[in-house]
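Close look at the chain arrangement
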Amino acid sequence: MDSQPVDVHGTDFYDFGKLMDANLFAAGQIWAVYDDVDGMPRLYARIKHSDALDFKVHLTWLDHVAANEAEDRWTDEELPVACGSFGLGETEISQFMFSHMVQLTKGKRRNYEVYPSKGEVWALYKGWSMQWASDAGNHRSYEYEVVQVLSDFSFRAGVTVVPLVRVKGFSSLFATAKDEPEIVIASSDLLRFSHSVPFYITDGHEKVGVPRGFLELDPACLPTDLDAAFPPITLDSCMSPGKKESSTSIASSAGSTSSRGKHEDSSFEQNASLLKNCPSKGIFTFPDSEFHDFEGCHSPEKFEHGQIWEICSGADSFPKFYGWISKVELGPFKVCLTWLEACPKVEQEKQWLEQGVPVSCGKLKVRNWRTNYETTNTFSHLVYKVHDPKREIEILPKVGEIWAVYKNWSPDWVPPGTNDLAEYCIGEIVRCTKTKVEGYIAVFKPAIGTNVVKIPVEDKMRFSHRIPSFRIDSSIADSEFHDFEGCHSPEKFEHGQIWGICSGADSFPKFYGWISKVELGPFKVCLTWLEACPKVEQEKQWLEQGVPVSCGKLKVRNWRTNYETTNTFSHLVYKVHDPKREIEILPKVGEIWAIYKNWSPDWAPPGTNDRAEYSIGEIVRCTRTSTYVSFVTKVEGYVAVFKPAIGTKVVKIPVEDKLRFSHRVPSFRLTEEVGGQLYGFYELDPASVPEDFLQKDAPLNRVG
């Protein structure tokens, strides 16, 4: 395996020979070595020992380890490989033409992993295809395009690059072309990368007419005939409007030399590559989901013009960025994405953006930063659709969503560096308001006995990112006689209705909402929340602790949520045309309600991980001062059929003790079912029945 010296052009500014000084070599380093295919540095060797006097190096070659059958065929045909996993091969002592030191990571089974990293410059094969392996004899000479890497590589997101063009009047000076879009290269196309190219970043003082931030590439790593390989363009074509005296869109630390560029200009950091500017901790792999096909949620046919999608970060793979779809092509698939950036309102948001930390909650604006994607791997989930991207867009947690929340957050806290893992809690959003007093409420279950946690709106940065979720309803048995699901089918919804809404904490219908708008094609309900108007101290305490109050006076507030499914809805309460006045919701004769056991005037329901105890009863009489309840018990052999409890008395609950009522249970009175044997009994909606009653040996239903 010999490498011959190649005849290269001289450089204008930097002597790349300094990178290969014999005194720089040390044991344990990995170096790129020129190959004998076309003299490009795509071989790797680990230094065991070096002698600076005669420059003899004792080295071990790194051999490519194929990740799949396609890569196996590629390697078998002896096609060049510069990216992926490599293992230690043969050891020898010789003199070779080294290019530059390589920064890589230690992988599994003592392998080494080489992937394009943010800031590096790489050569890509023109016209590349994995099908080259089927006709390798006709693919032994190559043409290249040169790109700068804008993100660290991940298996899920691939890698984002921007093409570079050669500047006229210089030997090997490169920059980005004006308005050149970014390109996302999928992880499956990793072998498209030919080799890394060392570069020098100009500081603007090299000579008159040389702007700051251009890249002089090592010509030894480029084809000999540069004019043919990279036809030069004029200096003006490489510069963004209004930046003739400053820098190009490649703005980096001036006057530095590296095989890994270092960005400095804040506009570049925030505009061109904010998506994955934080260095990646490594390559991410994920287990498959067991029930729901989350991958199918971002299949090509799901994409439409005007949608806002959440995009995975290259730093930790979490969906912390947002983009607006300006164009979709399906044959072949291509998405044109315009990035959204946070509009900082407080000092903490400004600090996060300056440090390249994504802000996933709050006001955002569509900016003029575009990227083209040819795969959907980088996309996480659809947020919503917006036809006017010019105005500010607000993205906040919604009821029913699952979010990751930073632990140990404080108003002056910043997430740790990309090599330190942040700590998270995971919670379901069970209620949202838009006032600074109430804020956001999420349910967390890290330990037994935790309560609903209230997060004020000014602390919205505590929310790291939304986690796509799928609710599994296997724990709720189906009803046997009545179709309770059909009671909240889309055609049942009308403007002005008040509905009972299921809580995210225990799935029981303990909240209420007023329907302000209904759309049927596709289905969409605009819901305005109702909140209790506390009259006594106990009601105030419950609301402060995030405990829902299902009985009494309520008011429609200016807290809105849009629903595209009916799963969260339980039952229709009634219709009201004037939602501005106080609304009173109390148990009515004939309804079935769940009632807290062991209730007292200073009692509050337990935390979300401790189950409250209930009785279930039919409302048999109501007066202005009291409600009378006759308790029911489960009928053996049925899922949720209940009958009057023999031997129990009717219980009188004074109106001032209305908090004793937990929630209404939708019910259906049976008549001729099972030949009339169940006449007069009730089938209850299993989704609203406490779990203990659905078990085979249901408890005797008594009030404590």
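Note: the structure precedes this text.
Residues numbered from 1 in each chain as written. Predicted model: local features only at pLDDT ≥ 70, side-chain atom pairs only at ≥ 80, totals over all residues. Heavy atoms only, no water.

Our focus in this paragraph is the overall build of the protein chain. Across its full length, the protein chain holds six helices and 42 strands. Residues classed as buried in the protein chain amount to 51% of the 704 residues present. Considering only intrachain contacts with a sequence separation of at least 6, the fraction spanning at least 24 residues in the protein chain is 67%. Of the roughly 33,000 Å² that the protein chain leaves accessible, carbon and sulfur atoms contribute 48%. (Helix = DSSP H or I, 4+ residues; strand = E, 2+ residues; numbered from the N terminus. Buried < 20%, exposed > 50% of the residue type's maximum accessible area, 1.4 Å probe, protein only. Contact = heavy atoms within 4.5 Å. Areas by Shrake-Rupley, 256 points an atom, 1.4 Å probe, with all protein chains shown as cover.)

With that settled, the discussion passes to helix 1 (residues 69-76). The N-terminus of helix 1 is capped by Asn68, whose side-chain oxygen sits 3.2 Å from the backbone nitrogen of Ala70. Looking one or two residues past helix 1, Glu78 carries a phi angle of roughly 60 degrees, positive in sign. (Polar contact = N/O pair within 3.5 Å; in protein donor to acceptor, adjacent residues only side chain to side chain.)

Among the secondary structure elements, Ser380 is positioned in strand 22 (residues 379-385). Residue classification places Ser380 among the buried positions, given a relative accessible area of 7%. There is a polar contact of 2.8 Å between the side chain of Ser380 and the side chain of His381. Beyond its immediate sequence surroundings of up to four residues, Ser380 is in contact with Arg156, His298, Trp309, Glu310, Cys312, Pro319 and Pro468.

Here the focus is the nonpolar core. Grouped together as the largest cluster of nonpolar side chains are 50 residues, with contacts concentrated most on Tyr44, Trp122, Phe193 and Leu217. Those elements giving two or more residues to this core turn out to be strand 1 (30-33), strand 7 (112-114), strand 8 (121-125), strand 9 (144-149), strand 10 (159-163), strand 15 (199-203), strand 16 (212-217) and helix 2 (226-229). Of the residues forming this core, the biggest block, five residues, is contributed by strand 8. The next biggest cluster of nonpolar side chains, apart from the first, holds 29 residues, and it includes Val386, Ile501, Phe523 and Leu527. (Core = buried A, V, L, I, M, F, W, Y, C linked by side-chain atoms within 4.5 Å.)

Counted according to the given criterion, the structure contains 41 aromatic pairs. Relative to Phe379, the ring of Tyr373 lies with its centre 5.2 Å away and its plane at 70 degrees, an arrangement referred to as edge-to-face. The pair Tyr373 / Phe379 is uniform in exposure class, with both members buried. Seen in terms of ring centroids, Trp542 and Tyr596 are 5.9 Å apart; in terms of plane orientation they differ by 80 degrees. Their pairing is edge-to-face. Here Tyr596 lies in strand 35 (residues 592-596) and Trp542 lies in helix 5 (residues 537-544), a separation of 54 residues in the sequence. The same class applies to Trp542 and to Tyr596, which are both buried. Taken together, the ring pairs connect Trp74, Tyr125, Trp128, Trp132, Tyr142 and Tyr144 into an aromatic cluster. (Phe/Tyr/Trp six-rings, centres within 6.5 Å; stacked < 30°, edge-to-face > 60°.)

This part takes up the pairing of strand 25 (residues 424-432). Counted residue by residue, strand 25 has seven buried out of nine residues, so it is predominantly covered. Taken together, the five bridges between strand 24 (residues 402-406) and strand 25 define a ladder with antiparallel strand orientation. Within the sheet, the bridge partner assigned to Tyr406 lies in strand 25 and is Tyr424. (Pairing = 2+ DSSP bridges.)

Turning to helix 5, its buried residues number three or more, namely Gln538, Glu539, Trp542 and Leu543. For helix 5, the angular spread of the buried residues around the axis is 135 degrees, confining them to a single face. Packing partners of the buried residues in helix 5 comprise strand 25, strand 27 (453-455), strand 31 (523-532) and strand 35. One or two positions beyond helix 5, positive phi appears at Gly546, with a value near 75 degrees. (Arc of directions from axis to C-beta.)

Glancing now at the pattern of salt bridges. Under the defined criterion, the tally for this structure stands at 19 salt bridges. As a salt-bridge pair, Asp35 and Arg42 come within 2.7 Å of each other at their nearest N and O atoms. Of the residues examined, Asp35 reaches a relative accessible area of 4% and is grouped as buried. The partner of Arg466 in a salt bridge is Glu401, and the shortest N-O contact between them spans 3.6 Å. In this pair, Arg466 sits in strand 28 (residues 463-467) while Glu401 sits in the loop between strand 23 (393-395) and strand 24, placing the two residues 65 residues apart along the sequence. Grouping residues by exposure puts Arg466 and Glu401 together as buried. Taken together, the shared-partner salt bridges connect Asp35, Asp38 and Arg42 into one network. (Salt bridge = Lys/Arg side-chain N within 4 Å of Asp/Glu carboxyl O.)

Here the focus is unusual backbone geometry. Positive phi, normally seen in glycine, also occurs at Glu78, with a value near 60 degrees. Along the chain, the position of Glu78 falls in the loop between helix 1 and strand 4 (84-94). Exposure remark for Glu78: the relative accessible area of 67% places this residue in the exposed category. The phi dihedral of Val674 is positive, around 50 degrees, even though this residue is not glycine.

We now examine the sheet that holds strand 31. Across the sheet, which stays open at both edges, the six strands sit in the order 33-29-30-31-32-34 with antiparallel pairing between neighbours. The open sheet has two free edges, formed respectively by strand 33 (569-575) and strand 34 (583-585), since each of these has just one partner strand. Strand-to-strand twist across the sheet, computed as the mean angle between neighbouring axes with direction ignored, equals 45 degrees. In this structure, strand 29 (residues 497-502) lies alongside strand 30 (residues 509-520), joined through five bridges in antiparallel fashion. Looking across to strand 30, one finds that Ile501 is bridged to Phe511. (Axes fitted to C-alpha atoms, helices over the stretch in contact; angles between N-to-C directions.)

Moving on to a negative patch on the surface. On the surface, Glu69, Asp72, Asp76, Glu77 and Glu78 cluster together to form a negatively charged patch. With respect to the element layout, Glu77 can be found in the loop between helix 1 and strand 4. (Patch = residues over 30% accessible without salt bridge, like charges linked within 9 Å, V, L, I, M, F, W, Y side chains within 5 Å. Lys, Arg positive; Asp, Glu negative; His and termini not counted. Charge placed at Lys NZ, Arg CZ, Asp CG, Glu CD.)

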